[in-house]
Amino acid sequence: MNTEEEPEVVGTISDINMTPVIVAAIIGLIFIALFIILRKRSSARRDFLLTGLSESGKSAIFMRLLHKKFPDTYVSVKENMGEYKSGGLVGRIIDIPGHYRVRDKCFDQYKRTAKGIIFVVDSVTIQKDIRDVADALYTILSDIATLPCSFLVLCSKQDVATAKSVKVLKQSLEKEMNLVRGTRGKLEILGENETNKPSYLGKNGKDFEFSHLQQNIQFYECSAKEGQLNHLTDWLDKMLLPGGVWYCRT
């Protein structure tokens, strides 16, 4: 008895739907490109700049953080550098001199490699130095090179009885920054070109508030003398993670 064999069906490439394959390949390429970009950015910005006015306590924080020592007096005349390690991750801490004659020049040298900026404020003398503190902080925050950076404002010397709290210090700075912004705005109209023009801080038509800034900025109290730097180390540990950004707000 003869049986007829069914004809073999042979598919061709033109019969295969390539759309899912192409879409998957495109998505894969996008993820690879994003990974490379983020990795380059992470490697390009690995520094943490410790800055503030002279005698604000930043160099004492640097010594306590990296060398577990608290100096009786420590005045920086040039930048100090050291490595901060968290597990297998390492970041470079750069202590910027506080004196106005060298502070800006030194800051400009490292601002494009900064991943985070730690601005130290003397909680004891803040009322006396409020204008200078606000002016220095405004200069850093309005610099377009610092827009990718996260900020930590450390209210130092909290072991002193007359130290102002974070809440009081933050409110005082916001009021003074509002005045600085008004003065700076008038001066910037006169001469800055578009390339070097500082970014506007806050929202037009509203009083200055740190919550209005594009940068992520946190305020915490600390005491280098008492070794109370846990907020700083928590912030650094988080920032050292790949793509790390400190999102918790107070």
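Positions within a chain are numbered from 1, following the residues in the order the chain's sequence is written. Only residues with pLDDT of at least 70 get local features here, since the model is predicted, and only at 80 or more are side-chain atom pairs given and counted; chain-wide, interface and lining totals rely on the full set of residues. Hydrogens and water molecules were not included; the side-chain quantities draw on all heavy atoms of the structure.

**What about a nonpolar patch on the surface?**
Then, in step 1: What goes into a patch is any residue over 30% in relative accessible area without a salt bridge, connected to like charges within 9 Å or, for nonpolar side chains (Val, Leu, Ile, Met, Phe, Trp, Tyr), within 5 Å. Computed by Shrake-Rupley with a 1.4 Å probe, the accessible areas treat only the displayed protein chains as cover when residues are assessed. In the sections that follow, a salt bridge refers to a side-chain nitrogen of Lys or Arg positioned within 4 Å of a carboxyl oxygen of Asp or Glu. Judged by side-chain polarity, M18, V21, I22, I26 and I30 come together as a nonpolar surface patch covering roughly 450 Å² of accessible area.
Then, in step 2: Turning to its location among the elements, I30 is positioned in helix 1 (residues 19-44).
Then, in step 3: Burial classes follow relative accessibility: with a 1.4 Å probe on protein chains only, a residue under 20% of its type's maximum area counts as buried, one over 50% as exposed, and anything between as partly exposed. Owing to a relative accessible area of 47%, I30 belongs among the partly exposed residues under this scheme. Only DSSP runs of H or I with at least four residues qualify as helices, and only runs of E with at least two residues qualify as strands; both kinds are numbered from the N terminus onward.

**Considerations on the pattern of salt bridges**
Then, in step 1: Inspection of the entire model under this criterion finds nine salt bridges.
Then, in step 2: Note that D95 and K58 form a salt bridge whose closest N and O atoms lie 3.1 Å from each other. Of the two residues, D95 is situated in strand 3 (residues 89-95) and K58 in helix 2 (residues 58-67); the sequence distance between them amounts to 37 residues. Across the pair, K58 and D95 agree in class, each one buried.

**Re the environment of R92**
Then, in step 1: Summarising the element assignment, R92 is placed in strand 3.
Then, in step 2: With eleven residues separating them in the primary sequence, R92 and M81 have C-alpha atoms 6.9 Å apart.
Then, in step 3: In the analysis that follows, any N or O atom pair within 3.5 Å is treated as a polar contact, provided that within protein one partner can donate a hydrogen and the other can accept it, and provided that, for residues neighboring in sequence, both atoms belong to side chains. A polar contact of 2.9 Å, which involves the side chain of R92, links it to the side chain of D47.

**As for the nonpolar core**
Then, in step 1: By size, the foremost hydrophobic cluster in this structure holds 35 residues, and its most contacted members are L141, L173, M177 and F210.
Then, in step 2: Considering each element in turn, this core owes the most residues, nine residues, to helix 4 (residues 126-141).
Then, in step 3: What makes two residues a contact is simply this: any of their non-hydrogen atoms within 4.5 Å. Each residue touching F210, except ones within four places of it in the same chain, is listed here: L137, L141, K170, L173, E174, M177, I217 and F219. Grouping buried Ala, Val, Leu, Ile, Met, Phe, Trp, Tyr and Cys residues that are joined through side-chain atoms within 4.5 Å yields what is termed a nonpolar core.

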